[in-house]
Structure formats: structure tokens, C-alpha cells
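# Secondary and tertiary structure notes
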Amino acid sequence: MRWWIAALVIAGILVANPAVAEKDPDEHFFNETWNEFDEELQRARDEGKKGVFIFFEMDECPFCHWMRENVLNETEVQEYFRENFLNFTVDIEGDIPVVTFDGESMPQKEFAFEHRVRATPVLAFFDLEGERVYRYTGKTSGVEEFLTMGRYVVEEAYQDEEFPEYQESQKDAGGDEDKDGASYY
């Protein structure tokens, strides 16, 4: 009987404490899609989004798993990205057909190849015209760096400066650090 009480207490702590509770990225970060990115682009415009975010990944990628388990599962990240982008995943080894922003049909792996994805993850941001405006290869240092990337695109800072410069200016302005208190560099 005591183990039931302990289980209920632990469950209550997990539910009541959002820092402990994690949200599955497939349900709370990524949007559902039929992989018709030309139509998703129009949907992004209709919903007032700033663009489309594509997470190029593959099953065997430890850095992809790290991003899912340490960044994309965080409520703050999910809320910010869902507010500003439509978010999709593409398996760089996948055979599932996609329709590109230009209306061309091809397998996911060919779409990834056309976007020069050779290593994973690749974090790719597209504007509302379907033009890639920023690309990052690899895992981020943490939540704050990923959110800074999102702000970089939302604020269209990519038009005036490279991401490292923007990131440094944000760090200087607000002292952005990841959850463990480590700075970006």
C-alpha cells in the first residue's frame, strides 16, 4: 500500500513541476504534415508564422536524439517555435515522398540531398517564400542557443549579420546561458 502512495506523490510532483515533466517532441514540437511543403508554406502564411523549420535527422544519429531529449522536449522551446514556425522533420534516409516548396515530388532522402544534408542533425529555417534563410549543422549547446536561432530568424537578423555575431550581441545584452549555466562558447 505504501508504494501506491509513493507512486502518487511522484506522479503529482512530475505533473505539478513543468521543469521535471517533459513533452514528447513528436506531439508538442513538430506539426502534423502530409509532407506537402508547398501547401505547408501557404499554411504558415495563413497562420501568420514567420517561416518553416525543418529538422533533418536519421535514426542512428546520437546528436539528433540528444536534441530531441534535451531541447525539443522543453515547453519553452515548443511554445516559441509553435508560435513562430511550422516545424517538420525529414528523415535523410527516408523513402517517404515529399512535395518540395516548388511543388516537385521526391523521396525524403532526395529532398535532404538537394539541401546538401550530409551530417545530422541539420536545423534549417525557411522564409515564407520557401527560401532557406539559415542552416545549422549539429546539435546546439542547449535550449538557449536554439531559442536564439529562432529569434535570429524571427527578427530577420540574418539579413544584417551572421549568427555568431547575433548570438554574441544577445549574450552581451542578456547574458544568455544554457540551462546548466554554461555560456554559448
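Everything below is about the structure printed above this text.
Read on for an overview of the structure. (Residues numbered from 1 in each chain as written. Predicted model: local features only at pLDDT ≥ 70, side-chain atom pairs only at ≥ 80, totals over all residues. Heavy atoms only, no water.)

## Remarks on the sheet that holds strand E6 (residues 132–137)
Within a sheet, adjacent strands bond to each other through the backbone by hydrogen bonds, running parallel or antiparallel. Ordered in space as E2-E1-E5-E6, the four strands form an open sheet in which the pairing is mixed. Across the chains shown, the open sheet's two edge strands, defined by having one partner strand only, are strand E2 (85–91) and E6. Geometrically, the sheet is characterised by an average inter-axis angle of 15° between neighbouring strands, direction not taken into account. Where helix H3 (residues 37–46) meets the sheet, its contacts fall on strand E1 (51–57) and E2, and the angle it forms with E2 comes to roughly 160°. (Pairing = 2+ DSSP bridges. Helix = DSSP H or I, 4+ residues; strand = E, 2+ residues; numbered from the N terminus. Axes fitted to C-alpha atoms, helices over the stretch in contact; angles between N-to-C directions. Contact = heavy atoms within 4.5 Å.)

## Brief notes about the environment of Glu156
Along the chain, Glu156 turns up in the loop between helix H7 (143–154) and helix H8 (163–174). In this structure Glu156 comes out as partly exposed when scored by relative accessible area, which is 40%. Residues Glu156 and Lys50, spaced 106 residues apart in sequence, show a C-alpha to C-alpha distance of 9.2 Å. (Buried < 20%, exposed > 50% of the residue type's maximum accessible area, 1.4 Å probe, protein only.)

## Some points on the pairing of strand E5 (residues 122–126)
Of all five residues in E5, five are buried, a share of seventy percent or more. Relative to E5, E1 runs antiparallel, the two sharing five bridges. For Phe56, the partnering residue across the bridge sits in E5 and is Val122. Of the strand pairs in this sheet, E5 and E6 are connected by five bridges, and their pairing is antiparallel. Counted as the bridge partner of Phe126 is Arg132 from E6. The hairpin formed by E5 and E6 contains five residues between the paired strands, and Gly130 there has a positive phi angle of roughly 85°.

## A closer look at helix H4 (residues 62–70)
Along H4, the positions that sit buried rather than exposed are Cys64, Met67 and Arg68. Projected down its long axis, H4 shows its buried positions confined to an angular sector of 95°, all on one face. For H4, the exposed residues set more than 90 degrees away from the buried face come down to Pro62 and Glu69. Looking at the buried side of H4, the elements it contacts are helix H2 (25–28), E1, E2, E5 and H7. (Arc of directions from axis to C-beta.)

## A short note on helix H5 (residues 75–84)
Every buried residue of H5 is accounted for by Val77, Gln78, Phe81 and Asn84. Looking straight down H5, one finds that the buried residues subtend no more than 155° of arc, so they occupy a single side. With respect to the buried face of H5, the exposed residues turned more than 90 degrees away are Glu79 and Glu83. As for H5, its buried residues are in contact with H2, E1, E2, E5 and H7.

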